[in-house]
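Letter by letter, the chains look like this.
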Amino acid sequence: MSWVKSGSIAVALCALALPGMAAAGIVVASSGPSARQYPVGKKIDDGAAITLQTGDSVTVLDQRGTRVLRGPGTMALGKGASPATSSVFAALTRQRSTARVRTGAVRNGPGSGPVRSPNLWYVDLAASGPVCVVDPANIRLWRADAAAKANYGLSGDGAGKGTVSFAAGDMVAPWDAARAPVRDGASYAITDAAGKPVAQVRFVVLSALPATSEAAAAALIEKGCQTQLDLLAASLTAAG
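Residues numbered from 1 in each chain as written. Predicted model: local features only at pLDDT ≥ 70, side-chain atom pairs only at ≥ 80, totals over all residues. Heavy atoms only, no water.

1. Topic: the pairing of strand β5 (residues 65–70)
Successive side chains on a regular strand alternate, one facing one side of the sheet and the next facing the other.
Thinking step 1. In the sheet, strand β4 (residues 57–62) pairs with β5 via 6 bridges, with the strands oriented antiparallel. Looking at β5, one finds that Asp62 is bridged to Gly65.
Thinking step 2. Once β4 ends, the chain turns through 2 residues before running back antiparallel as β5. (Pairing = 2+ DSSP bridges. Helix = DSSP H or I, 4+ residues; strand = E, 2+ residues; numbered from the N terminus.)

As structure tokens, this is what we get:
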């Protein structure tokens, strides 16, 4: 698995506190000769010219969603938020109760691509690595295949052992917060009923709920939460 390494990326914290403030786009993926000029985490102002060479590919996320820019050529980002992507971002980042969820998976389109999680803060059972959360007392596990019932074990560093149970048809189940408490920096191994490792996650608690997609991307990049960054970009690409 390739993760975005944490680094000295300047996150626009004011965007978290001022939802109405205009925010620049942010690079969420780049490759090719100009990758150093447009690294992941770089902010690009609305209307700024982006000059790419042959073989370049830069994915920019902003209020209109995500766009893949390919060289050669000079391009500029437009202005104005898209109502479609704004509503998708609001739904994707909404804090929900710990009630079980039997539906809510998102597909890329009819017969195209895998099922995606419907919420940015769910812990994906299929992915290991850092997981960014806003409310550590309200953590839920998500699985793409809900056909059968399943039980999972939670084993943390210096913490007790917990369990999570999915009934047949359940895609989401609450984390066992009583026996496996979540705090910033806590690591947990998730195992199946036979004790086989499924995922290894490390929790990162964000100080506030990001108010914009750009702020969310910046926070996820800074903390190394690559799986959630990919989900954010894919969800807004589909909405755009």
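2. Let's talk about the state of the cysteines
Each disulfide consists of one covalent bond between the sulfur atoms belonging to two cysteines.
Thinking step 1. Counted by the stated rule, this structure contains 1 disulfide.
Thinking step 2. Each disulfide pairs two cysteine sulfurs, and for Cys132 the partner residue is Cys225, the sulfurs being separated by 2.1 Å. Torsion about the S-S bond of the Cys132 and Cys225 cystine: about 85°, corresponding to right-handed handedness. Of the two residues, Cys132 is situated in strand β10 (residues 129–133) and Cys225 in the loop between α3 (213–223) and α4 (226–239); the sequence distance between them amounts to 93 residues.
Thinking step 3. Using a relative accessible area of 1% as the deciding quantity, one classes Cys225 as buried. (Disulfide = S-S within 2.5 Å. Buried < 20%, exposed > 50% of the residue type's maximum accessible area, 1.4 Å probe, protein only.)

3. Things to note about the packing of aromatic side chains
Thinking step 1. Per the stated rule, a full pass over the model turns up 4 aromatic pairs.
Thinking step 2. Taking the centre distance of 5.9 Å and the plane angle of 90° together, the rings of Tyr152 and Phe166 count as edge-to-face. Here the residue Tyr152 occupies a position in strand β12 (residues 150–156), and Phe166 occupies one in strand β13 (residues 161–166), the gap between them amounting to 14 residues.
Thinking step 3. Centroid distance Tyr188 to Phe203: 6.4 Å. Interplanar angle 70°. Geometry classified as edge-to-face. (Phe/Tyr/Trp six-rings, centres within 6.5 Å; stacked < 30°, edge-to-face > 60°.)

4. So, the confidence of the model for the protein
Thinking step 1. A residue-level look at the protein finds 78% of positions with pLDDT of 70 or above and a mean pLDDT of 82.
Thinking step 2. Taken element by element, the protein is modelled with least confidence in helix α1 (residues 14–17), mean pLDDT 34, and with most confidence in β10, mean pLDDT 98.
Thinking step 3. Taken as a whole, residues 1–23 scores under 50 in pLDDT and shows 41 contacts with residues more than four places along the chain or in a different chain.
Thinking step 4. Within the model, the stretch residues 99–111 combines pLDDT values under 50 with 35 contacts to residues more than four positions away or in other chains. (pLDDT = per-residue confidence, 0-100. Contact = heavy atoms within 4.5 Å.)

5. What about the side chain of Ser117?
Thinking step 1. For Ser117, the position within the fold is in the loop between β8 (115–116) and β9 (123–124).
Thinking step 2. A distance of 3.0 Å separates a polar side-chain atom of Ser117 from the backbone oxygen of Asn119.
Thinking step 3. If we ignore the near neighbours within four places in the chain, the residues touching Ser117 are Leu92, Tyr122, Trp142 and Leu231. (Polar contact = N/O pair within 3.5 Å; in protein donor to acceptor, adjacent residues only side chain to side chain.)

6. Here we look at the environment of Leu206
Thinking step 1. Secondary-structure assignment places Leu206 in the loop between β16 (197–205) and α3.
Thinking step 2. On the basis of relative accessible area, Leu206 is assigned to the buried category, the value being 9%.
Thinking step 3. Separated by 73 residues in the primary sequence, Leu206 and Val133 have C-alpha atoms spaced 6.0 Å apart.
Thinking step 4. Apart from the residues within four sequence positions on either side, Leu206 is in contact with Trp121, Cys132, Val133, Val134, Ala219 and Lys223.

7. Looking at the sheet that holds strand β11 (residues 140–142)
Thinking step 1. Strand order across the open sheet formed by 3 strands is β9-β11-β14, with mixed pairing between neighbours. The open sheet has two edge strands with one neighbour each: β9 and β14 (172–174).
Thinking step 2. Note: β9 against β11, 2 bridges, orientation parallel. Within β11, the residue paired with Val123 across the bridge is Leu141.

8. Some remarks on the sheet that holds strand β2 (residues 43–44)
Thinking step 1. The strand order across the open sheet built from 4 strands is β2-β1-β4-β5, with neighbouring strands paired in antiparallel fashion. Each having just a single partner strand, β2 and β5 make up the two edges of the open sheet.
Thinking step 2. Relative to β2, strand β1 (residues 25–31) runs antiparallel, the two being bridged by 2 bridges. Its bridge partner being in β2, Gly25 is matched across the sheet by Ile44.
Thinking step 3. Contacting β1, β2 and β4, α3 crosses the sheet at an angle of about 50° to β1. (Axes fitted to C-alpha atoms, helices over the stretch in contact; angles between N-to-C directions.)

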